[in-house]
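# Close look at the chain arrangement
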Amino acid sequence: MASVMRKLQITEHTQHHASSCVEIHAGKTKIICAGSIIEQVPRFLRNANHGWLTAEYQMLPFATHTRVDRDINKGKISARSSEIQRLIGRSFRNSIDITKLPAITIILDHDVIQADGSTRCHAINGGQIALVRTLQRLQIDKVITSDPLRHMIGAVSAGIIDNEVCFDLDYQKDHRAEVDINIVMTEHGDLVEIQGTAERKPLSRNHLNKILDGAWPLISSIIDQQKAILNQPYPYKSAR
């Protein structure tokens, strides 16, 4: 079992308008994750007396080997982008208590500037930092008085290649993988989501157990790296 990840490089950028901005690199995969605060909620929550969190995800046209059309030129969001941002949004809503938010919406944007596999997992890994910084912004501005964060989360991709479990798949490994799985876990080792497909032959229970056992130490290490960054003071100026 190859319990090895590409080296993660995470950098915070100061943005005038965003409440948080994080750039995460894993090998050649590079993603910008940013948090924004909108002072309204979706229509279905107008009488709920609490806020909402959602996520958006998109690859920039030059992120892949061949140019990808922008969704706006297609007239609708691509099925892939929709699936990924729903996964990301669900994962982040699990990490906070949205009932502690007032009638606002936190939007976490994830723009892939260079893609080489595992983009959805590293969007979550970078976006978790952006989410916590956005919560800190709300506390600094006294929009909220208690921290809505339940737990930190992290994610890792996994696959079976030549009957061996591999993690943090780049494009070449993902192309060869017989199984493609994305795992999201909390800082306590609990599962938030497993998203996977056996693309060639069915996944054995034994291999699934190996994937879950191998994923936890890697995700725990990612969360430790997130926390090390978040231990630094909030780096943005208050807008209020």
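Scroll up for the structure.
Residues numbered from 1 in each chain as written. Predicted model: local features only at pLDDT ≥ 70, side-chain atom pairs only at ≥ 80, totals over all residues. Heavy atoms only, no water.

Moving on, we come to the overall build of the protein. Looking only at helices and strands, one finds five helices and nine strands in the protein. What you see in the protein, going N to C, is helices and strands ordered as β-β-β-β-α-α-β-α-β-β-α-β-β-α. Against the globule reference of 18 Å for 240 residues, the protein gives a C-alpha radius of gyration of 18 Å, in line with a compact fold. In the protein, which comprises 240 residues, the share counted as buried stands at 50%. Of all intrachain contacts in the protein linking residues separated by at least 6 positions in sequence, the fraction that spans at least 24 positions is 71%. By element, 47% of the accessible surface of the protein is carried by carbon and sulfur atoms, the whole surface being about 12,100 Å². (Helix = DSSP H or I, 4+ residues; strand = E, 2+ residues; numbered from the N terminus. Rg over C-alpha atoms; globule rule 2.2 N^0.38 Å. Buried < 20%, exposed > 50% of the residue type's maximum accessible area, 1.4 Å probe, protein only. Contact = heavy atoms within 4.5 Å. Areas by Shrake-Rupley, 256 points an atom, 1.4 Å probe, with all protein chains shown as cover.)

Applying the stated criterion across every chain, the model contains one aromatic pair. Ring plane angle 85° and centroid distance 5.3 Å describe the contact between phenylalanine 44 and tryptophan 52, whose orientation is recorded as edge-to-face. Overall, the relative accessible area of 59% leaves phenylalanine 44 in the exposed class. Exposure remark for tryptophan 52: the relative accessible area of 18% places this residue in the buried category. (Phe/Tyr/Trp six-rings, centres within 6.5 Å; stacked < 30°, edge-to-face > 60°.)

Bringing the packing of helix α2 (residues 79–95) against helix α3 (residues 119–140) into the picture now. Close contact between α2 and α3 brings their axes to 10 Å; oriented N to C, the two are set at 40°. Relative to α3, α2 is oriented oblique. As α2 packs across α3, the resulting crossing turns out to be right-handed. Note on element contacts: α3 touches α2 through Thr119, Arg120, Ala123, Ile124, Gly127, Gln128 and Leu131, opposite Arg80, Glu83, Ile84, Leu87, Ile88, Ser91, Phe92 and Ser95. Tallied by class, residues from the contact of α2 with α3 come to seven nonpolar, five polar and three charged. (Axes fitted to C-alpha atoms, helices over the stretch in contact; angles between N-to-C directions. Parallel < 35°, antiparallel > 145°, perpendicular 65-115°, else oblique. Left-handed = near helix turned anticlockwise from the far one by under 90°. Nonpolar A, V, L, I, M, F, W, Y, C, P; charged D, E, K, R; others polar.)

Tracing the backbone shows serine 157 in strand β6 (residues 153–161). A polar side-chain atom of serine 157 sits 2.6 Å from a polar atom in the side chain of serine 118. With near-sequence residues (within four places) excluded, serine 157 lies in contact with Ser118, Cys121, Cys166, Phe167, Asp168, Leu169, Ile181 and Asn182. (Polar contact = N/O pair within 3.5 Å; in protein donor to acceptor, adjacent residues only side chain to side chain.)

With that out of the way, let us pick up the sheet that holds strand β7 (residues 164–167). The strand order β7-β6-β8-β9 describes an open sheet built from four strands, whose pairing is antiparallel. For this open sheet the edge positions go to β7 and β9 (191–198), each flanked by a neighbour on one side alone. Adjacent strand axes in the sheet meet at a mean angle of 20° when their direction is disregarded. As paired elements, β6 and β7 share four bridges and run antiparallel to each other. (Pairing = 2+ DSSP bridges.)

This structure, assessed with the given rule, holds zero disulfides. Distance from the sulfur of cysteine 33, which forms no disulfide, to the nearest cysteine sulfur (cysteine 21) is 8.3 Å. (Disulfide = S-S within 2.5 Å.)

We now examine the nonpolar core. What tends to happen in soluble globular proteins is that the nonpolar side chains get buried as a cluster. The biggest cluster of nonpolar side chains holds 58 residues, and the ones touching the most others in it are Ile88, Phe92, Ile106, Leu131, Phe167 and Ile211. Residue contributions to this core peak at nine residues, all from α3. (Core = buried A, V, L, I, M, F, W, Y, C linked by side-chain atoms within 4.5 Å.)

Look at serine 118: it is not a glycine, yet its phi comes out positive at around 60°. Looking at the secondary structure, you find serine 118 in the loop between β5 (105–114) and α3. A positive phi angle, close to 60°, is found at lysine 142, a residue other than glycine. With respect to the secondary-structure elements, lysine 142 resides in the loop between α3 and β6.

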